[in-house]
Amino acid sequence: MQKFILLILLTFMAFPFFAQEGKIETFKHSSETYPLMKKRTIYVYLPKAYFNAKNENKKFPVLYMFDGQNLWDKKSSAWGGWKVETAMEKLVKKRKMPPCIIVGLSCSVNRTKEYAGWCNELPPGEKITDPEEFKQYAKDHRLMIVEEIIPLIEKKYRAISDRSGRVIAGSSYGAFLAAHFAAEHPDIFCGAGLFSGGSTGFEQIIAEDGFNFNPENKVRFYIDCGTGDYLEKLLVVGSRKLKDYLITKGYKQAKSPRDSKADLFYQECEGEPHNEKAWSLRVPAFLEFMF
């Protein structure tokens, strides 16, 4: 009888559908250095491959994404979420990308200050009562992530701990911020995903020649925008300008996400609006190109 039970267990273990699934872990982060920063939730998706016994010593690349509360494949996320973990696992299964850890950096009640406070000028409708405080929030937020959260992730998980294994991405103000991180820290990030950004944040970086990288720390870019609502039609103008600017800096535009020799992927998505559902449709192209 014992031999029979053992045989059944060994048979079950041989089938892949009994393998450990990927999972999301969460923890709270309170900054030790930057008191303006409020406590926030950090989401960490560990891919299926992370739990495979043969990978027990393997380190994984990490995708850091802003507005982390809306990234996942669940009904409680805005517009159904980005479904980024589901898209990643499907691409891994098709051998179109390696598995990666996904870190969702949730925003606080001071999202506008933290994400766009570094800009000299914000879109119409945004009011700044204290310009210096506004900039300080943005600076502290950036340094909290670079100096505290990234080292914490690399200490706690089997993450690649150099620029070759770090990508930053976001949408809307989060795209502003991902572009800003790339400009400020090309030594830390090898790639940046900018979903529906455009407008003043991109234009300021262009004016300041912010992506004047040297060959050793050139950042790979994914840029997109929709055209399906008023906001996207405004933002697509800035997205085009950033794409054209990068081409003048020597970037080669990809013809498809699988173009490994290119360092810029740009797409405009006709009729798509400014929301998570639309971004979820573009996530696979971003992941395939970036990883």
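Each chain carries its own residue numbering, running from 1 in the written order of its sequence. Owing to the predicted nature of the model, reporting of local features is limited to residues with pLDDT of at least 70; listing and counting of side-chain atom pairs is limited to 80 or more, with chain, interface and lining totals taken over all residues. Where side-chain values are given, they derive from all heavy atoms of the structure, hydrogens and water being excluded.

### With respect to the sheet that holds strand β5 (residues 166-171)
Only when DSSP finds a minimum of two bridges between them are two strands counted as paired. A run of DSSP states H or I qualifies as a helix once it reaches four residues; a run of E qualifies as a strand once it reaches two. Both are numbered from the N-terminal end. Read across the open sheet, the 8 strands follow the order β1-β2-β4-β3-β5-β6-β7-β8; overall the sheet is mixed. Single-partner strands in this sheet number two, and they are β1 (23-29) and β8 (264-269). Each strand axis lies, on average, 15° off the axis of its neighbour in the sheet, ignoring direction. Judged from the 5 bridges that link them, strand β3 (residues 62-66) and strand β4 (residues 101-105) form a sheet pairing that is parallel. Between N-to-C directions, angles span 0 to 180 degrees; the directions come from axes that are lines fitted to C-alpha atoms, helices contributing only their stretch in contact.

### Here's the deal with unusual backbone geometry
In this structure, K83 takes a positive phi of about 60° despite not being glycine. Tracing the sequence through the fold places K83 in the loop between β3 and α2 (84-93). With relative accessibility at 32%, the residue K83 sits in the partly exposed group. Whether a residue is buried, partly exposed or exposed follows from its accessible area with a 1.4 Å probe, protein chains only, as a fraction of its type maximum: under 20%, in between, or over 50%, in that order.

### What to know about a nonpolar patch on the surface
For patches, a residue must show more than 30% relative accessible area and have no salt bridge; joins then use 9 Å for like charges and 5 Å for nonpolar side chains, namely Val, Leu, Ile, Met, Phe, Trp and Tyr. All accessible-area figures derive from a Shrake-Rupley calculation using a 1.4 Å probe, and residue coverage is judged against the displayed protein chains alone. Any Lys or Arg side-chain nitrogen located within 4 Å of an Asp or Glu carboxyl oxygen qualifies as a salt bridge. A surface patch of nonpolar side chains, amounting to about 340 Å² of accessible area, comprises Y230, L231 and L234. Along the chain, the position of Y230 falls in helix α7 (residues 230-248).

### Focus on the nonpolar core
Here, the term nonpolar core denotes a set of buried Ala, Val, Leu, Ile, Met, Phe, Trp, Tyr and Cys residues that are joined through side-chain atoms within 4.5 Å. The biggest cluster of nonpolar side chains holds 61 residues, and the ones touching the most others in it are I101, L194, F211 and F221. A per-element tally of this core places helix α4 (residues 131-156) first, with 10 residues. Those residues within four positions of F221 in sequence are excluded, and the remaining contacts are A182, A192, L194, F211, F213, L246, Y251, D263, L264, F265, F289 and M290. Within the second largest apolar cluster, 29 residues are counted, among which are Y45, V84, A285 and F286. The contact rule is simple, with two residues in contact once any of their heavy atoms fall within 4.5 Å.

### Digging into the environment of I150
Along the chain, the position of I150 falls in helix α4. Note on I150: relative accessible area 3%, which makes it buried. Sequence separation between I150 and P35 is 115 residues; the distance between their C-alpha atoms is 18 Å.

### So, the pairing of strand β2 (residues 40-46)
For β2, a buried count of 7 out of 7 residues is recorded, marking the element as mostly surrounded by other parts of the structure. On β2, burial covers both faces: R40, I42, V44 and L46 on one face and T41, Y43 and Y45 on the other are all buried. Direction of pairing for β1 relative to β2: antiparallel, over a ladder of 7 bridges. Pairing of T26 across the sheet is with Y43, part of β2.

### Focus on the confidence of the model for the protein chain
When pLDDT is averaged along the protein chain, the result is 91; 92% of the residues meet or exceed 70. The quantity known as pLDDT measures the predictor's confidence residue by residue, on a range of 0 to 100. The model gives residues 4-18 a pLDDT under 50, and that stretch makes 1 contact with residues more than four places away or in other chains.

### Notes on the packing of helix α6 (residues 199-207) against α7
At a closest axis distance of 8 Å, the pairing of α6 and α7 adopts a crossing angle of 20°. On the basis of their axis angle, the class for α6 and α7 is roughly parallel. In this structure, α6 crosses over α7, and the sense of that crossing is left-handed. Mapping the contact onto sequence places S199, F202, E203 and I206 in α6 and L235, G238, S239, K241, L242 and Y245 in α7. Throughout this description, any angle smaller than 35 degrees is read as roughly parallel, any larger than 145 degrees as roughly antiparallel, any in the 65 to 115 degree range as roughly perpendicular, and the remainder as oblique. Left-handed describes a crossing whose near helix is turned anticlockwise from the far helix by less than a right angle; the clockwise case is right-handed.

### Topic: the packing of aromatic side chains
Two rings belonging to Phe, Tyr or Trp (six-membered ring only in the last case) form a pair when the distance between their centres is within 6.5 Å. Interplanar angles under 30 degrees mark stacking, angles over 60 mark edge-to-face geometry, and anything in between is tilted. Under the definition given, this model contains 20 aromatic pairs. Considering the side-chain rings of Y50 and F51, the 5.5 Å spacing of their centres and the 70° angle between planes classify their relative orientation as edge-to-face. For Y50, a relative accessible area of 11% corresponds to the buried category. Among the aromatic side chains, those forming a connected cluster through ring pairs are W82, F195, Y222, F265, W279, F286 and F289.

### Some remarks on the pairing of β8
In terms of burial, β8 is largely enclosed, as 5 of its 6 residues are buried. The pairing of strand β7 (residues 220-226) with β8 spans 6 bridges and is classified as parallel. Residue pairing across strands places D224 opposite Q267, the latter belonging to β8. Clockwise travel from the first strand over the helix to the second, with the strands pointing away from the viewer, marks a crossover as right-handed. In this view, the connection linking β7 to its parallel neighbour β8 by way of α7 has right-handed handedness.

### Here's the deal with the side chain of H29
With respect to the secondary-structure elements, H29 resides in strand β1. We call two N or O atoms a polar contact when they sit within 3.5 Å, provided that within protein one can donate a hydrogen and the other can accept it, with sequence-adjacent residues counted only if both atoms are side-chain atoms. At 2.9 Å, the side chain of H29 forms a polar contact with the side chain of E148. With residues up to four places along the chain from it excluded, the contact list for H29 reads K38, K39, R40, I42, M144, E148, I149 and L152.

### Concerning the pattern of salt bridges
Applying the stated criterion across every chain, the model contains 14 salt bridges. One salt bridge in this structure joins E21 and K48, with 3.6 Å as the shortest N-O distance. Taken together, the residues E21 in the loop between α1 (2-14) and β1 and K48 in the loop between β2 and β3 connect sequence positions 27 residues apart. Under the relative-accessibility criterion, E21 is labelled partly exposed at 44%. Residue K48 is classed as partly exposed on the basis of its relative accessible area, which comes to 37%. The salt bridge partner of D67 is R111, with a shortest N-O separation of 2.8 Å. A residue pair is termed long-range when its members are at least 10 positions apart, and D67 in the loop between β3 and α2 and R111 in helix α3 (residues 111-116) qualify at 44 residues. D67 sits in the buried class, given a relative accessible area of 8%. Under the relative-accessibility criterion, R111 is labelled partly exposed at 23%.

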